[in-house]
Amino acid sequence: MTLRTEDGLHSLSCPVGTVLDVGKDAECEIALEGAGVLPHHCMLRRMGERHFRVTAVAPSASFTVNDVSASDLGVDVPFKFGIGGETIEIDLAADEGAPSADLVEQGAANGADGAEAAPGPSSARPSRRDYLLQPAPLKPRLGGRVGEVLIEASPAAMSATSPPLVIPESARLQNQQNAEAGASRPEVDDEESSSLLFVGLMVCAVMIAGIFWWQRRLDEAVPSPSTQIVRARPAVPVLRPVITSAEIIPACRALRLAGISMTAAHWLMPLAEEGRTEAALELARALHDAGQFGAEVVFLLRQAAEGGARQAWTELVREVDHEENPERYAESSFKLLQRAAALGESSAWMPLGERHEHGNGTAPDIRLAREAYEKALACGDERAQAKLSAEEGALQRAVAFVRSWNEVSVATLLDHISATPGRFFRLEYPQVDALLRMEEELRTRWPLRRVSVVPGARADIETFDIIKVTQPFHFEVEHGSRLARGDGTLVCTVQRDVAGVWRVTDAADTIDIAELLPAREKFVSATSLRELQAALTPEERMEESRLQLVREMRGIEETQDFKTVLTVVINAVHEFPQETYWRPFADTLCDRMARQLFADGRWIDPAWSQQVHELAEAGSVSAMLLEGHLLAAGYACRRDEARSTATYQKAFEAGRRRDARFYYAEALFQGRGVPQDIPKAGALVLSFMARSKHPLEAYLAAHLLWKKAEIDPALWQDVYDTLSRVADKHSPAKHLAAMVLLNHGNTTRERKTGFAALKACAESGVQEAMKNLSKCYQDGTGCEADLQAAALWKQKAAITEPPRRRHYTEFEE
């Protein structure tokens, strides 16, 4: 090839594939000196017969090719290369197939458009390089135009003492011929081409400046070893030896480690295509570091590994087992892992074991998977330990599950079973609460249990996360005078959850009874421990039911677990309809449920209403009263006050209980669903409740006495005495007593005392007391008239909610 400078024409040998280093450094093949020239400025590589590629080595290196500025650009000869304020015309020598003068002129005109020349036919073969090509940032170069090459303003005057370049005679003749041919060319309109070029470059720069700005910032942050300041000297081309591949690969490795992976990949690709093993390995690493995972990386690593690069197998195993690899579980990946393991790559044993375990790319084989995991553990892979300890972990979980049958509480069952169980004994895909009830039944049926595991457990591995365990056990259960002994076998599936904890997902057991005391006929035959139960007589079953009711009712005040107790009571009613031992439990339960109804003002479960009705029909007085409350309020049923009053009457007539008498008399006094019947209510109440200390009874009796005192004023004292006994326990009774003193007191002192008590009730939040206090301030009863205070208390009464009803059992007499 030839290089034309201001000093003349120079020749340089450059076969296809040659890489020439351009810069100030004395080791560069083309050594130049001048402002802006770096020690290692750029690389000039001949790609084909007429195609060259110029690539910047450092981010700060700048040059132009046919007036186009870029960091990486391809072009056909002849072309003008601008660097350090000087322009070098590069072409092929005559013996290298130089083009004619017409072609040279056409190529120079095309180069001024700034487009990258297409490679010649010799470089048109398919290549994997295409995906590496990056768009070249184009930008205008400021300065003066000389011919068709745009260069910067001339640098400072060159040193006059620089030694002249010695040029061969043949090169000097060629230089004169080229000068004459250039002089015969027509001149180009300088103003027109300059404006068009500037507009085109500006448009391109705006479009792609944002793309390359960030990459330039990152590259500039990396210090380049070639950015040294060297003594300036005239730009003189010097012939240097050609760079070999042995020198390119270490340089590209340094670029990759410096974070310039894609630039390294550009230079490594041709060498990898030539089949160079070390270049293929470095190219794969550069693509991996650049975040471009794909089939190319695997292909290159495989090429390097098969070429003899031992370290490539480790990286190939990593890429094959990468979670983003779409061929991760394919048969081809399995064979690669097999080959890597056979060649001694230790990191291949763990993924190879997983393929054998789950049947990915091959048939499942637990034996081969275990062998692979053992080899992986021997090579130091700690992940294999979890796989190899799976059998022991599953056996330990099965043992813990069997031993939990001895515990009093069923709460620990949740530590052993899965949150989504399959088949557990006789239940198919049960809910957790159903499992807990089944375990509660076992503990109720056999209060004394001694279950122990015996040797002989076996683990059948489906995968190292799902293991079927067969665990023998010995049992001895006892209830009263009955005792059963024998052996059994638990067969369960144990699975490792996402947290790495083993859980039982399926379980079934069989038992072989060895001894039944006092006799075999005292037991019901069973094949499972949870089906084994005693054959009880009616008396024993009744006693068992009563004991169960006692256990369930214990702590009902705190737990409020009405559903379970209600079910047990209903079962006792159905099993022993003629017996009455369950009635006290039913009454206690219904009273507790009624208190909760009054406190919450709502009914929790509508299904309970039917069970309450069944208990009422069976004769439970508290169940009748609870049903009356539900009908009066319309909870879980249509509101029906007439039926409610009739139910109260039925409850009173069934047991003559005081609470039933109170609710029936209250309904008659208020006329709920029936005509108001004060005489009948008085007959039920006054003779029994006039001197009662129960707040609700005394309050109802005071209302009935009030009606009589309005006719006979002598009875106002009895009204006040009845209310005063319970005033401290029941604020409505205190309010009513204050009204008696205020309106019917015999002295001024009593009336003032009544007003003070009324005001105290209003201040404590009694709504009726607020209304009456407002009226007192308005009328001046017991105080001076105060319309402002009257309006204030009236407003407070309007925004105050009425007090909730209180259940009869909330007060103790």
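Parameters at a glance
- Residues numbered from 1 in each chain as written.
- Predicted model: local features only at pLDDT ≥ 70, side-chain atom pairs only at ≥ 80, totals over all residues.
- Heavy atoms only, no water.
- Axes fitted to C-alpha atoms, helices over the stretch in contact; angles between N-to-C directions.
- Helix = DSSP H or I, 4+ residues; strand = E, 2+ residues; numbered from the N terminus.
- Left-handed = near helix turned anticlockwise from the far one by under 90°.
- Contact = heavy atoms within 4.5 Å.
- Nonpolar A, V, L, I, M, F, W, Y, C, P; charged D, E, K, R; others polar.
- Salt bridge = Lys/Arg side-chain N within 4 Å of Asp/Glu carboxyl O.
- Buried < 20%, exposed > 50% of the residue type's maximum accessible area, 1.4 Å probe, protein only.
- Pairing = 2+ DSSP bridges.
- pLDDT = per-residue confidence, 0-100.
- Expected span 1.5 Å × (residues − 1).
- Phe/Tyr/Trp six-rings, centres within 6.5 Å; stacked < 30°, edge-to-face > 60°.
- Lys NZ or Arg CZ within 6 Å of the ring centre and 35° of its normal.
- Core = buried A, V, L, I, M, F, W, Y, C linked by side-chain atoms within 4.5 Å.
- Bend = angle between axes of the 7 residues up to and from the residue.

Asks: So what exactly am I meant to see when it comes to the packing of helix α22 (residues 658–670) against helix α23 (residues 678–689) here?
Replies: Axes are the key here: two packed helices are described by the angle between their axes and the distance separating the axes. Running from N to C, α22 and α23 cross one another at 145°; their axes reach a closest spacing of 8 Å. The hand of the α22/α23 crossing is left-handed. Contact with α22, carried on its side by Arg658, Arg661, Phe662, Tyr664, Ala665, Leu668 and Phe669, involves Ile678, Lys680, Ala681, Leu684, Val685, Phe688 and Met689 of α23 and no other residues of that element. By residue class, the composition of the contact of α22 with α23 is eleven nonpolar, no polar and three charged.

Asks: What is the right way to look at the pattern of salt bridges in this model?
Replies: Charged atoms that come close allow side chains of opposite charge to pair. If you walk through the whole model with that rule in mind, you get 49 salt bridges. Across the pair Arg496 and Asp465 runs a salt bridge whose closest N-O atoms are separated by 2.8 Å. You can see Arg496 sitting in strand β19 (residues 482–496) and its partner Asp465 sitting in the loop between β17 (458–463) and β18 (466–479), a full 31 residues away along the chain. Note on Asp465: relative accessible area 23%, which makes it partly exposed. Between Lys771 and Glu768 there is a salt bridge, and its shortest N-O distance comes to 3.7 Å. Of this pair, Lys771 and Glu768 are both found in helix α28 (residues 767–779), three residues apart, which corresponds to roughly one turn of the helix. Among the residues examined, Lys771 registers a relative accessible area of 41% and is labelled partly exposed. For Glu768, a relative accessible area of 40% corresponds to the partly exposed category. Here the salt bridges do not stand alone but share partners, grouping Arg253, Arg256, Glu278, Glu282, Arg285, Asp289 and Glu315 into one network.

Asks: Please explain the pairing of strand β20 (residues 502–517) as it appears in this structure.
Replies: Remember that side chains alternate between the two faces of the sheet whenever the strand is regular. In the sheet, β19 pairs with β20 via 14 bridges, with the strands oriented antiparallel. Note on β20: the bridge partner recorded for Asp487 is Asp512. Between β19 and β20, which follow one another and run antiparallel, lie five residues, and Gly500 among them has a positive phi close to 85°.

Asks: Looking at this structure, I do not really get the confidence of the model for the protein chain. What am I missing?
Replies: Low-pLDDT stretches of the model should not have their predicted coordinates read in fine detail. Of the residues in the protein chain, 80% have a pLDDT of 70 or more, and the chain-wide mean is 80. Confidence drops under a pLDDT of 50 for residues 181–192, and excluding neighbours within four residues, the segment shows four contacts in the predicted structure. This model gives residues 221–241 a pLDDT under 50, and the stretch forms 47 contacts once residues within four places in sequence are excluded.

Asks: Help me understand the sheet that holds strand β4 (residues 30–31), please; the structure alone is not making it clear to me.
Replies: Across a sheet, paired strands are connected by hydrogen bonds in the backbone, their directions being either parallel or antiparallel. A sheet is described by the order of its strands in space; here five strands give the open sequence β4-β3-β5-β6-β9, paired in mixed fashion. Bordering the open sheet on either side are β4 and β9 (72–76), each of which pairs with just one other strand. Most of the contacts of helix α5 (residues 261–273) go to strand β5 (residues 42–46), to which it runs at about 25°, and overall it touches β3 (19–23), β5, β6 (51–56) and β9.

Asks: In this structure, what is going on with the side chain of Glu315? I would like to understand it.
Replies: Relative to the helices and strands, Glu315 resides in helix α8 (residues 311–320). Setting aside its immediate chain neighbours within four residues, Glu315 contacts Leu281, Arg285 and Leu301.

Asks: Would you mind going over the sheet that holds strand β8 (residues 68–69) with me for this structure?
Replies: Judged by pairing direction, the sheet is antiparallel, and its six strands sit side by side in the order β2-β1-β11-β10-β7-β8 without closing on themselves. Looking at strand neighbours, the two that pair on one side only are β2 (8–11) and β8, the edges of this open sheet. As paired strands, strand β10 (residues 79–83) and strand β11 (residues 86–91) are joined by five bridges and run antiparallel to one another. From the neighbouring strand, Gly82 faces β11, where its bridge partner is Thr87.

Asks: Where do I start with α22 in this structure?
Replies: In an α-helix, one turn spans 3.6 residues; hence positions three or four apart end up facing the same way. Look at α22: 18 Å from first C-alpha to last across 13 residues, which is about the 18 Å you get at 1.5 Å a residue. With eleven of 13 residues buried, α22 lies mostly within the body of the structure. Within the span of α22, buried status applies to Asp659, Ala660, Arg661, Phe662, Tyr663, Tyr664, Ala665, Glu666, Ala667, Leu668 and Phe669. Taken together, the buried residues of α22 touch α18 (583–600), α20 (621–633), α21 (641–655), α23 and α24 (695–709).

Asks: Just checking my understanding: could you explain the packing of aromatic side chains for this structure?
Replies: Two descriptors summarise a pair of aromatic rings, namely the distance from one centre to the other and the angle between the planes of the rings. Taken as a whole and judged by the stated rule, the model has 19 aromatic pairs. Seen in terms of ring centroids, Trp405 and Phe425 are 6.3 Å apart; in terms of plane orientation they differ by 65°. Their pairing is edge-to-face. Of this pair, Trp405 sits in the loop between α13 (390–403) and β14 (423–424) while Phe425 sits in the loop between β14 and β15 (427–428), and the two are 20 residues apart along the sequence. A ring pair is formed by Phe562 and Trp608, whose centres lie 6.1 Å apart and whose planes are at 85°; its orientation type is edge-to-face. Here Phe562 is found in helix α17 (residues 562–575), whereas its partner Trp608 is found in helix α19 (residues 608–617), with 46 residues between them in sequence. An aromatic cluster of at least three residues, connected via ring pairs, comprises Phe401, Trp405, Phe424, Phe425, Phe473 and Phe475. Across the ring face of Phe425, the terminal group of Arg530 is positioned such that the distance to the ring centre comes to 3.9 Å. A cation over a ring is seen here: Lys796 above Trp793, with NZ or CZ 4.5 Å from the ring centre.

Asks: Can you walk me through unusual backbone geometry in this structure?
Replies: Across the chain, the bulk of peptide bonds are trans and the bulk of non-glycine residues have phi less than zero. The residue after Val77, namely Pro78, is reached through a cis peptide bond having omega 0°. The topology assignment puts Pro78 in the loop between β9 and β10. That bond from Leu517 to Pro518 is cis: its omega, 10°, falls within 30 degrees of zero. Examined against the element boundaries, Pro518 turns out to sit in the loop between β20 and β21 (523–524). The backbone phi angle of Tyr429 is positive, close to 45°, even though this residue is not glycine. Examined against the element boundaries, Tyr429 turns out to sit in the loop between β15 and α14 (432–445).

Asks: How do you make sense of the environment of Gly291 when you look at a structure like this?
Replies: Mapping Gly291 onto the fold places it in the loop between α6 (277–289) and α7 (295–306). In this structure, the C-alpha to C-alpha distance between Gly291 and Ser261, residues 30 residues apart in sequence, is 9.6 Å.

Asks: Mind showing me how you'd approach the nonpolar core here?
Replies: Looking at soluble globular proteins, one finds that nonpolar side chains tend to be buried together. In terms of nonpolar packing, the biggest core is built from 87 residues, with Leu615 and Val719 touching the most fellow members. The element contributing the most residues to this core is α24, with nine residues. Core analysis: the next-biggest nonpolar cluster, separate from the first, contains 83 residues, Leu337, Leu413, Phe424 and Cys492 among them.

Asks: Explanation requested: α5 in the structure shown.
Replies: Taking 1.5 Å of rise per residue, the 13 residues of α5 would be expected to cover 18 Å, and the 18 Å separating its terminal C-alpha atoms lies within 8% of that figure. In the structure, α5 departs most strongly from a straight axis at Trp267, where the bend amounts to approximately 35° and where the proline Pro270 lies between one and four residues downstream. Those residues of α5 lying buried are Ser261, Met262, Ala264, Ala265, His266, Trp267, Leu268, Met269, Pro270, Leu271 and Ala272. One or two residues past the end of α5 sits Gly275, with phi positive at roughly 90°.

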